[in-house]
Amino acid sequence: MKDYQLIINGEKIAGENKNFDVLNPADESVYNTCPSASDKQLDFAVNCANEAFKTWSLTTSNERKILLHKVADKIEENIAELAEIIVKEQGKPMFLAQVEVGAGAAWVRYTADLEIEVETIEDSETRLIQMHRKPLGVIGSITPWNWPFMIAIWHMIPALKAGNTLVCKPSSNTPFNTLRLVEIMNEVLPKGVINILTGGSGLGSKMSKHEGIRKIAFTGSTETGKSIMNDASNSLKRLTLELGGNDAGIILPNSQNLDEMLNGIFQSSFLNMGQTCAALKRLYVHSDQYDEVCEKLAVIANSQVVGDGMTEGTTFGPVQNKAQLNLVEELVNDAKANGAKIVCGGEALDKKGFYYPPTIVADVDNSFRIVKEEQFGPVLPVIKYNAIQEALLLANDSEVGLGGSVWGEKELASEIALKLECGTSWVNNHAEVLPHVPFGGCKLSGYGIEFGQEGLLEFTQSHVVNITK
Ligand code: NAD
């Protein structure tokens, strides 16, 4: 078993608090034990990151670009090891873990190549006014357990490219892929530029309060996002909060090519066993096609091979942790008790590991918990509607707004898509995130933008220089 340690100022350091176990969700065995950082170690990491900022922030954009491409090279060299760690602590099938690492490397390269120009606001006879963009300082990155490697990259790379330094805290459910990533990054980057601490939610809260951190990049639940906002208020930290979602998908009446469409819908709903922030989490279907859609989705669900992500042929892994499995069971049982029809699945598998088969729930409406709450697991509720306007109202009847989608004839679908209350609307697609396309939520899905030029600018502050001629 590899001995993982904290990484502060380029050095591996044992955690001063008690180590904790991380389970393999495929069989509930202990995958490895993880170090836990003390408050003193947090202070030390933040001090080192502030010290490193003094020189890292003065490097040129091109110097940082070259180093970040070297990081991408290193990730690609280590893809097999990184993917295996992800499968064993996160649970997803191997092909998906490989996609996570490979796409992560591509994301690094795209972001490394972004440039920030100085903006000339006025260049007249009397004045030259220009707006520059400066890095913020030390960024705290706090990440969740669903796409742990990818999301860490989403925080780290734009922060570094803009000239900031980092203290990262991965989820204590899936810490090892990010510990290994930071180890690899330290082979390339100057010491202190990227530091990693592991520990529980208390550590995340202390980072959010820490005077030496200028911004928290957070991806996780809405509840934690609120708590971070509270903690960050004393030091007036900037925040990017990418929080929970409950994305609606609407299939337009009389839709053609249902088979192809439902394959797309299944994939975007059950991607990563449904544990994806912008997965399609509730589906609205016109009454004329309702039964057919439910049956066809069940056929796709039943064709999945549920098992250990390390086993060849597995297409569907376990839920990542017991608490999430319990929530999924609770929501499905609540639906059953209130008269819903379980079209397929609906029971955890009776074996070791947190297995829950892909489940389709019919005969539900917006009053059911499985529709109102984010299930973040392998269950899709399908809701019947009779008029498009009704479907739109039901889709927007949510306190969160990350993504949404409309499926069917392109022109009408695009018109409806624009009326969805969310950060991204897809047409005949869902959950597609791309390195050049800004992504973020509205309402209780948080605020701030990730990806693309706009995402990079979130790790900077403006500095205007006004020169009298
Ligand atoms: P979580 O909020 O429980 O934990 C996320 C991280 O925050 C972990 O590292 C955790 O240790 C830390 N944390 C917990 N309490 C904290 C506190 N009080 N202060 C600071 N840090 C704290 O979320 P999760 O269960 O790991 O992830 C699932 C949730 O994340 C879902 O709601 C999902 O929708 C959301 N998510 C959103 C996006 C997005 O881009 N919008 C992406 C992935 C996941």
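See above for the structure.
None of the values given here were measured: they were computed from a predicted structure.

Chemist: Tell me about empty space enclosed by the protein, and name the residues and values.
Modeler: If you walk through the whole model with that rule in mind, you get 3 cavities of 30 Å³ or more. Its volume calculated, the largest cavity comes out at about 80 Å³. Around the largest cavity sit 16 residues that line it, and Ala248, Arg282, Ala395, Gly403 and Glu421 are the ones nearest its centre. At the level of secondary structure, the elements contributing two or more residues to the lining of the largest cavity comprise β12 (247-251), α13 (388-396), β17 (400-401) and β18 (403-407). A class-by-class count of the residues in the lining of the largest cavity yields 6 nonpolar, 6 polar and 4 charged. Surrounding the second largest cavity, Trp107, Tyr110, Thr111, Leu114, Trp154, Pro158, Pro435, Phe451, Gly452, Gly455 and Leu456 form its lining.

Chemist: So, the site of the ligand: which residues are in play, and what are the values?
Modeler: Around the ligand, the structure places 28 residues, and the nearest of them are Thr143, Ser221, Thr224, Leu243 and Glu374. Here an oxygen atom of the ligand and a backbone polar atom of Gly220 are 3.3 Å apart. Between a nitrogen atom of the ligand and a main-chain N or O atom of Leu243, the distance comes to 2.7 Å. A total of 850 Å² of accessible area belongs to the ligand in isolation, and the protein chains cover 88% of it.

Chemist: Can you explain the layout of surface pockets? Please cite residues and give values.
Modeler: The rolling of a water-molecule-sized probe over the atoms marks out the regions of remaining empty space. Each pocket or cavity is described by its volume, and for the second largest pocket that value is around 440 Å³. Contributing elements (two or more residues each) for the lining of the second largest pocket: α4 (94-112), α5 (148-161) and α9 (258-270). Per-element tally for the lining of the second largest pocket: the top contributor is α4, with 6 residues. Considering only residue class, the lining of the second largest pocket consists of 16 nonpolar, 5 polar and 2 charged. Here the lining of the second largest pocket spans two domains, and each of domain 1 (6-243 + 445-468) and domain 2 (247-434) adds at least three residues to it.

Chemist: Which residues make up the side chain of Ser269, and what values do they have?
Modeler: With respect to the element layout, Ser269 can be found in helix α9. Here Ser269 falls in the buried class, since its relative accessible area comes to 4%. In this structure, Ser269 is in contact with Gly274, Ala279, Leu280 and Leu380, ignoring residues within four places of it in sequence.

Calculation notes
Residues numbered from 1 in each chain as written. Predicted model: local features only at pLDDT ≥ 70, side-chain atom pairs only at ≥ 80, totals over all residues. Heavy atoms only, no water. 1 Å grid on protein atoms, 1.4 Å probe; cavity = no way out; pocket = protein on both sides within 12 Å on 5 of 7 lines; lining within 4 Å. Points joined across faces, edges and corners; volume = space filled by probe spheres on them. Helix = DSSP H or I, 4+ residues; strand = E, 2+ residues; numbered from the N terminus. Nonpolar A, V, L, I, M, F, W, Y, C, P; charged D, E, K, R; others polar. Near = heavy atom within 4 Å. Polar contact = N/O pair within 3.5 Å; in protein donor to acceptor, adjacent residues only side chain to side chain. Areas by Shrake-Rupley, 256 points an atom, 1.4 Å probe, with all protein chains shown as cover. Domains from an automatic or database assignment. Buried < 20%, exposed > 50% of the residue type's maximum accessible area, 1.4 Å probe, protein only. Contact = heavy atoms within 4.5 Å.

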